[in-house]
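# Architecture and fold: a report
Given next are the chains, with one letter for each unit.
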Amino acid sequence: MSPVVAPRIEFSVMHLKPLSIERLCIHQVTLMQCDFLQSMETLARHGVTKTAIWRDKLDEVGVDEGARILRDLGIEVISLCAGGLLSASDPTDRRKAIDDNRRWIDQAAAVNAASMVTITGGLEDGSRDLRSARDLACQGIAELVPHARAAGVKLALEPLHPMVCGFRSVISTVREAGEMLRELDAPDVTGLAIDSYALWWDHNLEADLAEAAADILNFHVSDWLPQTRDIRLDRGMPGDGQIDNRKIRKWIEQVGFDGPIEVEIFSDLDWWKRDPDEVVSTIVERAKTVL
Ligand code: ZN
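These figures come from a predicted structure and were not determined experimentally.

### Structural notes on the packing of aromatic side chains
For the structure on display, the rule yields 5 aromatic pairs. Where W54 meets F266, the ring centres are 5.5 Å apart and the plane angle is 75 degrees; that geometry is what we call edge-to-face. One end of the pair, W54, is in strand β2 (residues 50–54); the other, F266, is in the loop between β8 (261–263) and α10 (276–289), and 212 residues separate them in sequence. One exposure class covers both W54 and F266, and it is buried.

Below, the structure written as structure tokens:
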């Protein structure tokens, strides 16, 4: 007798709840053309109440002033971006990276961010040792765990697209990130940031997301432009490229995720050159149709 296979119940994309403005988060980096205050005022003008803070922008105003601006405008911070970059082997560089990350965790706590998006970093200059970079990053994140726990900030490990393996992240898939989380063994303070731009190409994504369901802390979206001109800084507006963001949202929601949908667009060649009001109004419109 052949084994009984449970029928697959399709959770129709049609049944996805429309994305409310309250659930929409726009990362500050999407408005790189603005200073800290302008970026947050632009979100507020369009009724967007959630953001993820870009730490270089926070450094420009300082954490006290940044926190005041956010409070005055009623904007909630989901994450601080981006920490980690812990794959160096030189002891001085490692010490500095750990110290920097502790400071960033404190900054995240000061603006009430629930998580710090954490990337591993790539290979050192001249290195060809992928495994060593991965293990050094894992040890570095492990060193941050007590500090993050004490600060009440979760470390959201973010796999990035394999094309940036050499210089940004030696972790490229949900599966590899999940293995690192198991090694860290700190599920109360570590989890995953899922970014559609980084992961959309992976045929195992739906299954891997189901397996990692309990670890998913953040969900970032943008789009993959078929003729991308820069692997890191030419992300597309949702709806302009090849990623089915709504389908990926379905995959994570059907396994329990109900957090914000976070638009994160690095666009040196296009959206960072436009009027910030145009950028935000376009995202608010696209949220209704493709997110
Ligand atoms: Zn991201």
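### Digging into the environment of P226
Positionally, P226 belongs in the loop between β7 (216–221) and α9 (245–253). With 15 residues separating them along the chain, P226 and E211 place their C-alpha atoms 29 Å apart. Residue contacts for P226: discarding those within four places in its chain leaves G241 and Q242.

### Let's talk about the pattern of salt bridges
Summed over all chains, the structure comprises 24 salt bridges. Here D56 ties to R55 by a salt bridge, and the two come within 3.6 Å at their closest N and O atoms. Take D56: its relative accessible area is 42%, and that puts it in the partly exposed class. Overall, the relative accessible area of 14% leaves R55 in the buried class.

### Quick notes on the nonpolar core
In this structure, L24 and L209 are the most contacted members of the largest nonpolar core, which totals 73 residues. If we skip the residues at most four places from it in the chain, L209 touches V174, I194, I216, I248, W251, I252 and V255. Of all hydrophobic cores here, the second largest spans 9 residues; its members include W54, A82, L233 and W272.

Thresholds applied
Residue positions within a chain follow its written sequence, with the count starting from 1. Under the rules for a predicted model, residues below a pLDDT of 70 receive no local features and side-chain atom pairs below 80 are neither given nor counted, while totals for whole chains, interfaces and linings still include all residues. Neither water nor hydrogens contribute to the side-chain values; these are computed over all heavy atoms in the structure. Centres within 6.5 Å are what make two rings of Phe, Tyr or Trp a pair, Trp counting through its six-membered ring; a difference in plane orientation under 30 degrees is then read as stacked, over 60 as edge-to-face, and the rest as tilted. Numbering of helices and strands runs from the N terminus; a helix is a DSSP stretch of H or I covering at least four residues, while a strand is a stretch of E covering at least two. Relative accessible area decides the class of each residue, using a 1.4 Å probe on protein chains only: under 20% of the type maximum gives buried, over 50% gives exposed, and in between gives partly exposed. Residue contacts follow a heavy-atom distance rule, with two residues in contact if any of their heavy atoms lie within 4.5 Å. Salt bridge criterion: a side-chain nitrogen from Lys or Arg within 4 Å of a carboxyl oxygen from Asp or Glu. To define a nonpolar core, start from buried Ala, Val, Leu, Ile, Met, Phe, Trp, Tyr and Cys residues and group those joined through side-chain atoms within 4.5 Å.

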